[in-house]
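# Summary of the model geometry
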Amino acid sequence: MGSASKQSSQPTGKQPKPGSKSAQQADRRARIAELRAVEQRRERRNKFLTIGISAALVLAMIGGGSWLALDAKHKKDADAAAAKAPIDGVKTWDKLSRNHVQTEVKYDQTPPVGGDHNPVWATCMGTVYDQPVKNENAVHSLEHGAVWVTYNSKAGADDIKALSEKVKATPYSLMSPYPDEQGTITLSAWGTQLIVDSAQDPRIEKFFTKYVQGPQTQEPGASCSSGAM
């Protein structure tokens, strides 16, 4: 009995001696396990952060897309309202003929706003001419829905520059000098005309909004490129 009791009081496992090679290996394994645990916790935190940031980006994209769509709708609504609103000073003519002719045409307006015209239109994809264009070619451009900007010697250099920039940025428009016109600056569309004194006149923007490919267009979708230069 005495020997059995003595045996039970001894340690069940062999413990490495402090400072021994076995003890050092055990410490190393413990440090590795601790480092792995730290790395796993860091990976979990990074994963949560990534998920959170991704979710925030998705929400931001959705919100941004909604804002852009709403802004586009507001712009479309504003353009539609502007297209319906009358513009002070605009004159209109109806029942204008649309025959193709090879001869010069005597028009009732200067510059003309419609009537018989040449079979070839003047190129009008934001085209700025430094010389007068033929009436008959320009009138054909108006038939296609273009706005024709003309000016005489009263127009200043700043006016011409501003108008040129506007036309160059606007497909279905053209611009040319017109020495014989009465007004300083004239904007013409098919059957429609507005005379202004300055390129700063706010009605110019309204005229473009309303009449570039506007309701007066006789041939919607017709080309404005590859015409007479």
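To be clear, the structure that these remarks concern was listed above.
Because the structure is a prediction, the values reported are computed rather than measured.

It is characteristic of soluble globular proteins that their nonpolar side chains tend to be buried jointly. Core analysis: the biggest nonpolar cluster contains 34 residues, and Val149, Ile185, Leu187, Phe207 and Phe208 have the highest contact counts within it. At the level of secondary structure, the elements contributing two or more residues to this core comprise helix H3 (135-143), strand S3 (147-151), helix H4 (157-168), strand S4 (173-177), strand S5 (185-189), strand S6 (192-196) and helix H5 (203-211).

Here the focus is the sheet that holds S3. Read across the sheet, six strands follow the order S1-S6-S5-S3-S4-S2 without closing on themselves; strand pairing throughout is mixed. Across the chains shown, the open sheet's two edge strands, defined by having one partner strand only, are strand S1 (91-92) and strand S2 (125-128). Judged from the two bridges that link them, S1 and S6 form a sheet pairing that is antiparallel. Note on S6: the bridge partner recorded for Thr92 is Thr192.

Before going further, it helps to spend a moment on the side chain of Gln109. Inspection of the secondary structure assignment puts Gln109 in the loop between S1 and S2. Within the local environment of Gln109, its side chain forms a polar contact with the backbone nitrogen of Val113, the two atoms lying 3.5 Å apart.

Attention now goes to the packing of aromatic side chains. According to the stated counting rule, one finds two aromatic pairs in the structure shown. Taking the centre distance of 5.9 Å and the plane angle of 70 degrees together, the rings of Trp148 and Tyr178 count as edge-to-face. With Trp148 in strand S3 and Tyr178 in the loop between S4 and S5, the pair connects residues that are 30 residues apart, well separated along the chain. Given a relative accessible area of 0%, Trp148 falls into the buried group. Residue class for Tyr178 comes out buried when judged on its relative accessible area of 10%. Judged by centre distance (4.6 Å) and plane angle (50 degrees), the rings of Phe207 and Tyr211 are tilted. Of the two residues, Phe207 and Tyr211 both sit in helix H5, four residues apart, roughly one turn of that helix. The buried category is assigned to Tyr211, whose relative accessible area is 8%. Here the guanidinium or amino end of Lys166 rests over the ring plane of Phe208, the centre of that ring lying 5.2 Å away.

For the rest of this paragraph, the subject is the layout of surface pockets. Put simply, the largest pocket is a space of about 170 Å³. What lines the largest pocket is simply Val101, Gln102, Thr103, Glu104, Asn118, Lys134, Asn135, Glu136 and Asn137. Here the residues of the lining of the largest pocket sort into one nonpolar, five polar and three charged.

In this section: the state of the cysteines. Two cysteines, two sulfur atoms, one covalent bond between them: this is a disulfide. Taken as a whole and judged by the stated rule, the model has one disulfide. Put simply, Cys124 and Cys224 are joined by a disulfide, and their sulfur atoms are 1.6 Å apart. Here Cys124 and Cys224 share a disulfide; its torsion about the S-S bond, -95 degrees, makes the bridge left-handed. With Cys124 in the loop between S1 and S2 and Cys224 in the segment after H5, this residue pair connects regions lying 100 residues apart in the sequence. This pair shows no difference in class: Cys124 is buried, exactly as Cys224 is.

Turning next to the pattern of salt bridges. Following the criterion strictly, the structure yields four salt bridges and no others. Arg98 is paired through a salt bridge with Glu143; the nearest N and O atoms lie 2.8 Å apart. Linking Arg98 in the loop between S1 and S2 with Glu143 in helix H3, this pair joins segments that are 45 residues apart in sequence. Using a relative accessible area of 35% as the deciding quantity, one classes Arg98 as partly exposed. A relative accessible area of 1% means that Glu143 is categorised as buried. Two residues, Arg98 and Glu219, come together in a salt bridge whose shortest N-O distance is 3.4 Å. Here Glu219 lies in the segment after H5 and Arg98 lies in the loop between S1 and S2, a separation of 121 residues in the sequence. Taken together, the shared-partner salt bridges connect Arg98, Glu143 and Glu219 into one network.

Those residues of H5 that sit buried are Ile204, Phe207, Phe208, Lys210 and Tyr211. One or two steps after H5, the chain reaches Gln213, where phi turns positive at roughly 55 degrees.

Cut-offs used in this document
- Residues numbered from 1 in each chain as written.
- Predicted model: local features only at pLDDT ≥ 70, side-chain atom pairs only at ≥ 80, totals over all residues.
- Heavy atoms only, no water.
- Core = buried A, V, L, I, M, F, W, Y, C linked by side-chain atoms within 4.5 Å.
- Buried < 20%, exposed > 50% of the residue type's maximum accessible area, 1.4 Å probe, protein only.
- Helix = DSSP H or I, 4+ residues; strand = E, 2+ residues; numbered from the N terminus.
- Pairing = 2+ DSSP bridges.
- Polar contact = N/O pair within 3.5 Å; in protein donor to acceptor, adjacent residues only side chain to side chain.
- Phe/Tyr/Trp six-rings, centres within 6.5 Å; stacked < 30°, edge-to-face > 60°.
- Lys NZ or Arg CZ within 6 Å of the ring centre and 35° of its normal.
- 1 Å grid on protein atoms, 1.4 Å probe; cavity = no way out; pocket = protein on both sides within 12 Å on 5 of 7 lines; lining within 4 Å.
- Points joined across faces, edges and corners; volume = space filled by probe spheres on them.
- Nonpolar A, V, L, I, M, F, W, Y, C, P; charged D, E, K, R; others polar.
- Disulfide = S-S within 2.5 Å.
- Salt bridge = Lys/Arg side-chain N within 4 Å of Asp/Glu carboxyl O.

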